[in-house]
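Fold and contact review
Listed below are the residues making up each chain.
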Amino acid sequence: MKPDAPADAPLPPAQASVSDTLAALERALADPALDPGLRRVLNDAAEALRRGGNGSGHEAAGPDHACLYRAAFDAIPDLVTVLDEEGTVVEINRHGTQEHRRIRDEILGQPIHILNPELPRDHLIPVWETLNRGQSYIIEVTNKRGDGTRFPVEVHSAGFLHQGQRRIIAIARDLSNRQEAELRFRELVELIDRGVIVQDDNLRIVYANSAAMRLLSLHSGESIADELRSGQWMVIDERGHELSRDQYPSTVALSTGRIVESTVLGLYHRDRRELIWLSVTAVPRFPAGGDRPHQVFALFSNVTALKRDSALFDRAQALAHIGGWEWDSGRDRLYLTDEATHILGYDTPLVSIEELLNCLRPLDRHRLRNGLERSLGNGRGLDLEVQGLRPDGSSFWVRVIGDAGTGEPIGQVITGTLQDITERKLEEEHLRVQARSDPLTGLLNRDAVQAELEQRLDTFPQSPIAVLYIDLDRFKVVNDVLGHAAGDRLLASAARRIRQAVGERAQIARFGGDEFLVVCSLDGEPQRAERIADSILETFGDSFRVDGEEFSITASIGIAQSPLDGRTAQQLIQSADVAMYDSKRRGRNSWQAFTPELAEQQLHRLQLETHLRRAVHNDELHLVYQPQVDLSDGSVIAVEALIRWRNRSLGEMRPDRFIGHAETTGDIVGIGGWVLHEACRQLREWRDQGLRIERVAVNVSYRQFLGDDLANSVTEALSEYGLSGSALELEFTERVLIEDAPDTVRTFARLRELGVSLSIDDFGEGYSALNYLRRLPIHGLKLSQLFVQGVPDNQSDVAVCQAVTGIARSLGLGLVAEGIETERQRAFLRELGVAIGQGFLFAPGLAPNDLRDYCLGRMRG
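Turning our eyes to something else, we now look at the overall build of the protein. Along the protein, the regular secondary structure elements total 32 helices and 32 strands. Counting across all 861 residues of the protein, residues that qualify as buried make up 48%. For the protein, the proportion of contacts with a sequence separation of at least 24, taken over those separated by at least 6, is 59%. Split by element, the accessible area of the protein, about 42600 Å² in all, is 49% carbon and sulfur.

With that out of the way, let us pick up the environment of E694. Residue placement: E694 occurs in the loop between α23 (668–688) and β27 (696–699). Under the relative-accessibility criterion, E694 is labelled partly exposed at 49%. Separated by 55 residues in sequence, E694 and V639 place their C-alpha atoms 8.5 Å apart. E694 has contacts with I637, R687, S726 and A727, leaving out every residue within four places of it along the chain.

With that settled, the discussion passes to the pairing of strand β5 (residues 165–174). Where strand β1 (residues 79–83) meets β5, 5 bridges bridge the pair, whose relative direction is antiparallel. Each residue of the ladder has a partner; that of V80, found in β5, is I171. Alignment of strand β4 (residues 150–162) against β5, held across 10 bridges, turns out to be antiparallel. The residue bridging F160 from the neighbouring strand is R167, located in β5. Two successive antiparallel strands, β4 and β5, enclose a turn made up of 2 residues, where Q163 displays a positive phi of approximately 50°.

Take the nonpolar core next. Counting residues in each nonpolar core, the largest one holds 75 residues, and the members touching the most others are V714, L728, L730, L781 and L829. When residues no more than four places from it in sequence are discounted, the contact partners of L829 are L631, L783, V788, A817, I820 and V834. Within the second largest apolar cluster, 34 residues are counted, among which are L443, L472, F516 and F551.

Mapped onto the elements, R497 comes out in helix α18 (residues 484–502). Despite its burial, R497 pairs with no opposite charge, the nearest such side chain being D542 at 5.4 Å. Look past the residues within four positions of R497 in its chain and what remains in contact with it is T539, F540, D542, S543 and F544.

Right, let's get into the sheet that holds strand β15 (residues 395–404). Across the sheet, which stays open at both edges, the 5 strands sit in the order β13-β12-β16-β15-β14 with antiparallel pairing between neighbours. Both outer strands of the open sheet, β13 (333–336) and β14 (382–389), are each paired with one neighbouring strand and no more. Direction aside, neighbouring strands of the sheet carry axes that sit 25° apart on average. Across 4 bridges, strand β12 (residues 322–328) lies against β13 in antiparallel orientation. Counterpart to W325 in the pairing with β13 is L336. This element, helix α14 (residues 362–378), spans β12, β14, β15 and β16 (413–420) of the sheet and lies at about 150° to β14.

For the rest of this paragraph, the subject is the sheet that holds β5. Taken together, 5 strands build an open sheet; the order of strands is β2-β1-β5-β4-β3 and the sheet is antiparallel. Strand pairing shows two members of the sheet lacking a second neighbour, β2 (89–92) and β3 (137–144), which therefore form its edges. Adjacent strand axes in the sheet meet at a mean angle of 30° when their direction is disregarded. The strands touched by helix α6 (residues 124–132) within the sheet are β3, β4 and β5, with β5 carrying the most contacts at an inclination of about 105°.

This part takes up helix α10 (residues 249–256). Of the positions making up α10, those classed as buried are P249, S250, T251, A253 and L254. As for α10, its buried residues are in contact with β6 (195–200), β9 (260–269), β10 (274–285) and β11 (295–302).

Time to look at unusual backbone geometry. Of the consecutive residues S562 and P563, the connecting peptide bond is found in the cis state with omega at 0°. Cis geometry marks the peptide bond from V791 to P792, where omega comes out at 5°. Secondary-structure assignment places P792 in the loop between α29 (785–788) and α30 (795–811). The residue S262 is not glycine, and still its phi comes out positive at about 40°. By the element assignment, S262 lies in strand β9. Relative accessible area serves as the criterion here: at 52%, S262 is assigned to the exposed category.

Turning our eyes to something else, we now look at the environment of Q450. Its place among the elements puts Q450 in helix α16 (residues 446–459). When the C-alpha positions of Q450 and L517 are compared, they lie 9.7 Å apart, and in sequence the two are 67 residues distant. Excluding residues that lie within four positions of it along the chain, Q450 makes contacts with F511, A569 and I573.

This part covers the packing of aromatic side chains. Evaluation of the coordinates by the stated rule reveals 5 aromatic pairs. Consider the rings of F540 and F544, whose centres lie 5.6 Å apart with planes at 50°: the pair is tilted. For F540, a relative accessible area of 3% translates into the label buried. You can call F544 buried: its relative accessible area is 2%. If you follow R497 out to its NZ or CZ, it ends over the ring of F544, 3.7 Å from the centre.

It is worth spelling out α6 at this point. Residues of α6 that are buried: L124, V127, W128, T130 and L131. Each buried residue of α6 sits inside an arc of 160° when the element is viewed along its axis, so together they form one side. Those residues of α6 that are buried are in contact with β3, β4 and β5. Phi for G134, located one or two positions after α6, is positive at around 85°.

Attention now goes to the pattern of salt bridges. Tallied over the full model, the rule gives 36 salt bridges. Notably, a salt bridge pairs E385 with R424, separated by 2.8 Å at the nearest N-O pair. Of this pair, E385 sits in strand β14 while R424 sits in helix α15 (residues 422–436); the two residues are 39 residues apart in sequence, bridging distant segments of the chain. Overall, R424 belongs to the partly exposed group, its relative accessible area being 32%. E428 serves as the salt-bridge partner of K425, at 3.7 Å between the closest nitrogen and oxygen. Separated by 3 residues within a single helix, K425 and E428 lie in helix α15, roughly one turn from each other. Members of the salt-bridge network, linked through shared partners, are E385, R424, K425 and E428.

What counts, and at which threshold
- Residue positions are given per chain, counting from 1 as you read along its sequence in written order.
- Totals for whole chains, interfaces and linings use every residue, but because this is a predicted model, local features are given only for residues with pLDDT of at least 70 and side-chain atom pairs only at 80 or more, for both listing and counting.
- Heavy atoms throughout the structure, all of them, feed into the side-chain values; hydrogens and water do not.
- Strands here mean DSSP runs of E at least two residues long; helices mean DSSP runs of H or I at least four residues long; both are numbered from the N terminus.
- Each residue's exposure class comes from its accessible area (1.4 Å probe, protein chains only) as a fraction of the maximum for that residue type: buried when under 20%, exposed when over 50%, partly exposed otherwise.
- Residue contacts are counted whenever heavy atoms from the two residues lie within 4.5 Å of one another.
- Computed with the Shrake-Rupley method and a 1.4 Å probe, the accessible areas treat only the protein chains shown as cover for residues.
- Any two strands between which DSSP finds at least two bridges are classified as paired.
- By nonpolar core is meant a set of buried Ala, Val, Leu, Ile, Met, Phe, Trp, Tyr and Cys residues that side-chain atoms within 4.5 Å join together.
- Residues scored as positive are Lys and Arg, those scored as negative are Asp and Glu, and His as well as the terminal groups of each chain are ignored.
- Here, a salt bridge means any side-chain nitrogen of Lys or Arg that lies within 4 Å of a carboxyl oxygen of Asp or Glu.
- Lines are fitted to the C-alpha atoms to define the axes, a helix being fitted only along its stretch in contact, and any angle between axes, read from their N-to-C directions, falls within 0 to 180 degrees.
- For this analysis, a ring pair means two rings from Phe, Tyr or Trp (six-membered ring only for Trp) whose centres lie within 6.5 Å, classed as stacked if their planes differ by under 30 degrees, edge-to-face if by over 60, and tilted for the remaining angles.
- We count a charge as sitting over a ring when the NZ of a lysine or the CZ of an arginine lies within 6 Å of the ring centre and within 35 degrees of the ring normal.
- By definition, the arc is the one covered by directions from the helix axis to the C-beta atoms.

Right, here's the structure in full:
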């Protein structure tokens, strides 16, 4: 049937008029390209309607119209069925029931398979594809009668709409007696390039076309039957196993009466040692009036080259751990190669994209789904590395590469590869865990938790997240009393308690020193952070036992939530930090959530951060220099560079107002680099002016030690201003010693090679990590003004000063006392053996010119 076939014929709705029906039939008959056989059928139907309706064209009413419709429908001399969109029979004419030897009620409401049992499950796909193009669909099939006998028919199908529903009208003509058609069929079989063998019900070959002879390497005059019965040919399956006779596709088709489609078989010739791979389809044929096949058509093609290429491809896939995949998004059909299925850990291939996505972890499932949608939307490729779980519980990593086709949107296909990268990911993960872990507690380190938090905020910006900032109360007491090693054991024990309280519900990190961070999601559980905080405080209720001593260590916790308290990792951590300090101020051993009042304080900190970040660029920073003098004669030995900040909006800022903040934000690294270069530049200028100053001391933050650039920055500064390493002294706090021991050792070694002096500032205030003094190449200690200010009257300060002096002397380290303000302090320290000191007794921090004048005055005096 051609594209102009009638849209509403031949089965109009019961309410339709006779004239409308006749008009539809006449429009169809007007098509000069109409198939002759279908033209006769439609013409008969029109004549029946004219006879029944007297050709008046007036509407029939009620029962008369129904009778007219049934009479016209039953008058068609061929088998006519009407199917719904799913292939269910909704109408059949009288000739159809007679030919099928069934009553009408046995057929209506049944799938078309009751009449055509050999149709494949998806037979309607090509039918609708043809009808949707406005064409009719023609096919030859074997119908089955109610008594089991079969008869061949040629079916013409057309589509139409009935009350808004799509319908198919199928007109079938009996082909039982068509010798002429058989002759044409044989001519066609001789012309096609596929081998065709016809066998009887005993599998004797009754016909073979020339293509079959050629594909089997037989010449004219040779008997294909004799050749195949010679015993030289062995039939094998794809795995190389020999098949028995009852496993042949032809045998199966004869015994079941069903088509056996596209079975790959191997024919091995024993003498020639030749293997041919064939793709065979076996089609049973039923005699007219028979219920069992009497012949079988075997259609085959040579797929030896394709099989070889496929085997090589499969082998290459297996060796490279790369599989192929294809997804038809319109039909949601997924195809995986054997290697792809193996990579995912399944025995049978997955058939839908949802099954593939369900193999992945939730975050990667979300990433791949978005990647597929973007690829379909813009036609670009995707390249993702995702993680999943196999059915046996083992984890896998795959690299998913895909490229979308450019066809119709409803039929877009994405094709690509799956590469197993599990081994590489495990190696990377091992290295990543080492780089991301705190070596003391095994928790995430500072940089790792900040990166994780930033990623979660970027990936799920609307998903609420809480940050708990935990600081141990009275930790320094243990550290000062028992030493750094005991402090380490206490930190490890505290980390275990926090992990026990939090469980698997959140990420835990050691943020630095005795500070910890917990990050948790709040989806569906708004009070989750508070409950975790209560659980942590409860675990700290029991005393800690370290080296036989019991200590009561509690925790102060600050809580901040996104997006209310911050939208970036830095903002959230700062907000939680502010809340934690408020908790300490309120009495410790409690938690405090970030509040609007604290937000105002945070605003001031953010303003400070904004101005501080621009301070170097705006030339707002400057250095003053405090002389370090010989306590015996007051001569200047060296100077210490002290930073000052003068901002137009904030005014003069004391270092204790902004240094700690700069360390928290990381700005101290840039500021420290500026201080280092500026101090070296000034020393060069003084020396060019003839001023004899041995070295300049520069304070270095622990954050500068955490990177790899400190030694490089020192080298560049010294080289730029033509100074030797001995002209520079770096002062750092004891916190440097516990942040990252391996990196610290490497950095110290490089600085020592440069000849730079290394000193611990404010020794005794912090962790007093005495074991590091033994191992690290440290040149000197600075006695903290915290203890100097109490001598000689405060016995505790006297004891500490004596102890530090003894440590320095026994280890051969230099010692500088800072914060000397009175002659009594100076005299005490000289008697104690301290040679060098600094403080207001001698001079405060001086501008460069004032320092020059001070030194010249000392020299003249």
